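# Inside the fold
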Amino acid sequence: YRLFMAGIIPAALTRRVAPDRTEELRVGPLFYAPYLTSFVTPVFFAFLVGPSRPNARKDGAPGGLLVEKCQFLQESGCKGLCLHQCKIPAQEFFSEELGVPLTVSPNFETQECQWSFGEVPLPHEDDPSFPKGCLVGCESRKLINSSGGVVASSC
């Protein structure tokens, strides 16, 4: 994947061309990577996020994926877990490890989630998917309240 989609050439191969080079060479992501990733991802992530289907990215280009009902969000019922245990790690994994930028845009009302491969995510401070407060019925907030703990301003 890293070679054929993201254009990341391993250091072992780059040393053959440039013996003094000790790091991998990044020449991508290649133009077709977001589109093909949107078709491959549902097969491998269905167990984690639930049913999904390829669609257009937020900007209208091919390379989007719509998670129809996110199992992670349904089971946790917690916006904080969604953002910090799914959205941020997924964006970092695809960008840093696979070399394809990813923007994950959860919809907390419908429990859908738009994944846009090839789109660089916004900084957390500017990202509208980081709203304040918990979801209605958030179990984490109920646990904090019942234990007499301090309630966070946002989950």
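This text goes with the structure placed above it.
Residues numbered from 1 in each chain as written. Predicted model: local features only at pLDDT ≥ 70, side-chain atom pairs only at ≥ 80, totals over all residues. Heavy atoms only, no water.

All told, the structure shown has seven aromatic pairs when counted by the stated rule. Measuring from ring centre to ring centre gives 5.0 Å for Tyr-35 and Phe-39, while their planes differ by 65°; the resulting arrangement is edge-to-face. Remark: Phe-39 and Tyr-35 occur in helix α2 (residues 33-49); sequence separation between them is four residues, near one turn of the helix. Both rings, one in Phe-45 and one in Trp-115, keep their centres 6.0 Å apart while their planes meet at 55°; by these two values the pair is tilted. With Phe-45 in helix α2 and Trp-115 in strand β6 (residues 112-117), this residue pair connects regions lying 70 residues apart in the sequence. Through pairs of rings, three or more aromatic residues link up here, namely Phe-45, Phe-93, Phe-94, Trp-115 and Phe-117. Against the face of Phe-108 rests Lys-79, its NZ or CZ located 5.7 Å from the ring centre. (Phe/Tyr/Trp six-rings, centres within 6.5 Å; stacked < 30°, edge-to-face > 60°. Helix = DSSP H or I, 4+ residues; strand = E, 2+ residues; numbered from the N terminus. Lys NZ or Arg CZ within 6 Å of the ring centre and 35° of its normal.)

With that settled, the discussion passes to the nonpolar core. Counting 20 residues, the largest nonpolar core has Val-67, Phe-94, Leu-102, Val-104, Trp-115 and Phe-117 as its most contacted members. Listing elements by their share of this core, those giving two or more residues are α2, β4 (62-67), α4 (79-97), β5 (102-107) and β6. Looking at this core, the element that brings in the most residues is α4, giving five residues. Here Phe-94 is in contact with Thr-37, Thr-41, Phe-45, Gly-99, Val-100, Leu-102, Trp-115 and Phe-117, once residues within four sequence places are set aside. (Core = buried A, V, L, I, M, F, W, Y, C linked by side-chain atoms within 4.5 Å. Buried < 20%, exposed > 50% of the residue type's maximum accessible area, 1.4 Å probe, protein only. Contact = heavy atoms within 4.5 Å.)

Further remarks concern the pattern of salt bridges. Scanning all chains against the criterion turns up four salt bridges. With a shortest N-O distance of 3.2 Å, Glu-68 and Arg-53 are connected by a salt bridge. In this pair, Glu-68 sits in the loop between β4 and α3 (71-76) while Arg-53 sits in strand β3 (residues 52-56), placing the two residues 15 residues apart along the sequence. Residue Glu-68 is classed as partly exposed on the basis of its relative accessible area, which comes to 31%. A residue is classified by how much of its surface remains accessible, and Arg-53, at 39% relative accessible area, is partly exposed. (Salt bridge = Lys/Arg side-chain N within 4 Å of Asp/Glu carboxyl O.)

Scanning the model with the defined rule gives zero disulfides in all. Note on Cys-82: no disulfide assigned, nearest cysteine sulfur contributed by Cys-86 at a separation of 5.8 Å. Looking at Cys-86, it has no disulfide partner, and the nearest cysteine sulfur is the one in Cys-70, 5.5 Å off. Since its relative accessible area comes to 14%, Cys-86 is described here as buried. (Disulfide = S-S within 2.5 Å.)

A word on the environment of Gly-60. Here Gly-60 is to be found in the loop between β3 and β4. The exposure class assigned to Gly-60 is exposed, which follows from its relative accessible area of 52%. Along the primary structure Gly-60 and Ser-116 are separated by 56 residues, whereas in three dimensions their C-alpha atoms are 9.8 Å apart.

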